[in-house]
Amino acid sequence: MQTKIVLTEDEMPRQWYNIAADLPSPLQPPLGPDGNPITPEMLAPVFPMNIIEQEVSTERWIDIPEEVLAILSKWRPSPLHRAHALEKALGTPAKIFYKNESVSPAGSHKPNTAVPQAWYNKQFGIKRITTETGAGQWGSALAFACALLGLECKVFMVRISFDQKPFRKLMMATWGATCVASPSSETNAGRQILAQHPDTPGSLGIAISEAIEAAVTDPTGSTRYSLGSVLNHVMLHQTIIGLEAKKQLAKVGIKQPDVVIGCAGGGSNFAGLAFPFVNDKIHGAEIEVIPVEPTSCPTMTRGPFVYDHGDTAKMTPLLPMHSLGHDFIPPPIHAGGLRYHGMAPLVSQAIIEGLLTPRAIDQLECYESGALFARTEGIIPAPETNHAIAAAIQEAKKAKEEGKEKVILFNFSGHGLMDLVGYDNYFQGKLTNYALPESEMGNAIRELDALPKPKVVRTGKW
Ligand SMILES: Cc1ncc(COP(=O)(O)O)c(C=O)c1O
C-alpha cells in the first residue's frame, strides 16, 4: 500500500530523451515565409543558438547541464503518488498513479523547461527574456527561473487570465519580472488587434506575437524570446517527468503502465510524461497514450494537420501541426493554458502515426473530476490538470466495467491554488459546456488554404 514513491537526488535522470530520434516517420521541417525550410540562422534573432541546436537535434539523449540539475533538484525528483483514495471513491480495480509536478516553486511542470531555457540564454550572453503566458503558470515559471539566474524577464499575459488570475501577476512581480496584459499598446501586433477588437479576451497566439516583437526589436540585441510549450526543445526538457516516472513505477514492481494520460495545451507536460513511454510503444509495448484537450478548443480531435503559424501576427515560421488556425480565438474557458490554436509538431506527428489517441472533454466534467480529486487525494488541481484527471477517471470507470486491474498513469501538471475563481464559478453554477460549433471552426481554418500543406506520412503500424 505504498502511497508516495520517491527517488533520491542521485537517481534523478542526467539526460533528456529526444523522441525525434525514434519517431518512425520523421518530422517535417518548419518553413519560412517563402515556403522553404528555415535555417537555424533565421531563428537567431529570436532564440540563442545553443537552444536552436537543441531544437533541430536528432540525438536520442542530451546531457542536462550540472548547473541546471542543481536548480532542478530544489524540487526534483518529483513524487509519484498512488491515488488510493480516488480509486476507493471510484470503486475501481485500476491502479491510478499520478506524477506530482505541482511541487515546483511555481506550482507546475513549467519550471522544468524555464530553468534550462534561462540557463542556455545566460550562457549565450543574453540579458533579458520576453515571453507570453496564458494562465500565468508559464510566466511565473520563467520569472522564477530568471530570478535564480539573474536575468530580466518581461511577460505578455493573455487579457482574460490577467483579469481572472491576479495572484499569478503578483508571483511574477515577486520574482522581479514585469507583466502586462495582452494585447497591449506596447507592440505593433498588440495595437493592431486592439484597434480591431478593443474588448478581446486575448489569446496565446496574440501574446506570442507581442513577445517575439518585443525581443527582436530590442536595439541592444541582448533580448531573446522564450516559449513555454510547442517547440521540440521544450518537449525535450519536460521528458525528465516521464524518465523519473519510469524509475518510480519500477520501484513498485510495475514494468509498464497500460494507460498514460496528460492534458495538452501546446503539448509539453503531456509529452514530458508520455514520450519515454511512447518510445516503448514504438518498440512493441502495448500502451494507450491519451493527450486530453477541452471540447471548446479541440485542436487534436477536430483541427486538421496543416502548416500554420504559432502566433496571430504570423511572426513564427510555419510549423507542421494540428491547428485550429492562427486567427482562432478560443472561448474564455478557465483552463487558460489549454486555450491555444496549435499542437506541438512532435505530438502532432505522433498522432498522425497513430501512437496517440487524443480525447476532448467538456469543462463541467473536468471541474467535477477536479473537485472529486481534491476531496479524495487532497490537492486542488489546476483547471488544465482537471482534463487529465477527468480522462483518468473515465479510464478507471472503464476498467471497472471490464473488471480489469489496469495501471493508469497521469500527469498532475499543476495545483490550482491561484485558480480558485474558476472553482467558485463552477460551484455557483456559472460555468457551461461549450463545444465549438462547426461554423466557428471553419473561418480560421479557411485562412490556411493558401499556405503549403505538410505531407501526411505514417508507417501504418499503429
Ligand atoms: C498547470 C498546467 N497544465 C497544463 C498546461 C498546458 O500546457 P502544456 O500543454 O504545454 O503542458 C498549462 C499551461 O499553461 C498549465 O499551466
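It should be noted that the structure appears before, not after, this text.
Here is a short report on the structure shown in this document. Every value quoted in this text rests on a predicted model; they were computed, and no experiment measured them. (Residues numbered from 1 in each chain as written. Predicted model: local features only at pLDDT ≥ 70, side-chain atom pairs only at ≥ 80, totals over all residues.)

1. A few points about the overall build of the protein chain
Piece 1. For the protein chain, the helix and strand inventory stands at 19 helices and 15 strands.
Piece 2. Since a compact globule built from 462 residues should have a radius of gyration of about 23 Å, the 20 Å found for the protein chain is in line with a globular shape.
Piece 3. The buried share of the protein chain, taken over its 462 residues, is 58%.
Piece 4. Of the contacts made within the protein chain by residues no fewer than 6 positions apart, 78% connect residues no fewer than 24 positions apart. (Helix = DSSP H or I, 4+ residues; strand = E, 2+ residues; numbered from the N terminus. Rg over C-alpha atoms; globule rule 2.2 N^0.38 Å. Buried ≥ 20, exposed ≤ 12 C-beta atoms within 10 Å, placed from the backbone. Contact = placed C-beta atoms within 7 Å.)

2. Some words on the sheet that holds strand S1 (residues 4-5)
Piece 1. Ordered by their spatial adjacency, seven strands build an open sheet running S1-S4-S5-S15-S10-S11-S14, and the pairing between neighbours is mixed. Edge positions in the open sheet fall to S1 and strand S14 (359-361), since each of these has one partner strand only.
Piece 2. The sheet contact formed by strand S10 (residues 259-263) and strand S15 (residues 407-412) spans three bridges and is parallel. Across the sheet, the residue bridging to Val 259 is Ile 408, located in S15.
Piece 3. Packing of helix H17 (residues 383-402) onto the sheet brings it into contact with strand S5 (95-100), S10, strand S11 (288-294), S14 and S15, and relative to S10 it is tilted by some 155°. (Pairing = 2+ DSSP bridges. Axes fitted to C-alpha atoms, helices over the stretch in contact; angles between N-to-C directions.)

3. Concerning the packing of helix H5 (residues 111-123) against helix H6 (residues 137-149)
Piece 1. At a minimum axis distance of 8 Å, the contact between H5 and H6 shows a crossing angle of 40°. When the axes of H5 and H6 are compared, the pair comes out oblique. Between H5 and H6 the crossing geometry is right-handed. Along its contact with H5, which presents Pro 111, Ala 114, Val 115, Ala 118, Trp 119 and Lys 122, the element H6 presents Ala 141, Leu 142, Phe 144, Ala 145, Cys 146 and Leu 149.
Piece 2. Its residues assigned to classes, the contact of H5 with H6 shows eleven nonpolar, no polar and one charged. (Parallel < 35°, antiparallel > 145°, perpendicular 65-115°, else oblique. Left-handed = near helix turned anticlockwise from the far one by under 90°. Nonpolar A, V, L, I, M, F, W, Y, C, P; charged D, E, K, R; others polar.)

4. What about unusual backbone geometry?
Piece 1. Here Arg 76 and Pro 77 are connected by a cis peptide whose omega angle stands at -10°.
Piece 2. Phi angles above zero are rare outside glycine, and Val 230 is one such case at about 70°.
Piece 3. In this fold, Val 230 is placed in the loop between strand S9 (223-225) and helix H11 (232-238).
Piece 4. Given 26 C-beta atoms within a 10 Å radius, Val 230 is considered buried.
Piece 5. Of note, the phi angle at Lys 314 is positive, near 60°, even though the residue is not glycine.
Piece 6. Note on placement: Lys 314 falls in the loop between strand S12 (305-309) and strand S13 (318-322).
Piece 7. Judged by the 17 C-beta atoms lying within 10 Å of it, Lys 314 falls in the partly exposed class.

5. Considerations on the site of the ligand
Piece 1. Around the ligand sit 21 residues in total, of which Gln 137, Ser 229, Gly 265, Gly 337 and Gly 414 are the nearest.
Piece 2. Within the residue set of the shell around the ligand, elements represented by two or more residues are H6, helix H13 (268-282) and H17.
Piece 3. Ranked by residue count, the leading element in the shell around the ligand is H13, at three residues.
Piece 4. Partitioned by chemical class, the residues of the shell around the ligand number seven nonpolar, 13 polar and one charged. (Near = placed C-beta within 6 Å.)

6. Describing the nonpolar core
Piece 1. Counting residues in each nonpolar core, the largest one holds 133 residues, and the members touching the most others are Ala 118, Leu 142, Ala 143, Cys 146, Ile 261 and Ala 392.
Piece 2. The residues touching Ile 261, leaving out its near neighbours within four places in the chain, are Ile 290, Val 292, Ala 388, Ala 391, Ala 392, Ile 408 and Phe 410. (Core = buried A, V, L, I, M, F, W, Y, C linked by C-beta atoms within 7 Å.)

7. Details of the packing of helix H12 (residues 240-251) against H13
Piece 1. In the contact formed by H12 and H13, the axes pass within 6 Å of each other and the chain directions differ by 60°. Classified by the angle between their axes, H12 and H13 sit oblique to one another. Crossing handedness for the pair H12 and H13: right-handed. Judged by residue contacts, Ile 241, Gly 242, Leu 243, Ala 245 and Lys 246 of H12 engage Gly 272, Leu 273, Ala 274, Phe 275, Pro 276 and Phe 277 from H13.
Piece 2. Grouping the constituent residues of the contact of H12 with H13 by class yields eight nonpolar, two polar and one charged.

8. Points about the environment of Ile 208
Piece 1. Its place among the elements puts Ile 208 in helix H10 (residues 204-216).
Piece 2. For the pair Ile 208 and Ile 361, spaced 153 residues apart in sequence, the C-alpha separation works out to 26 Å.

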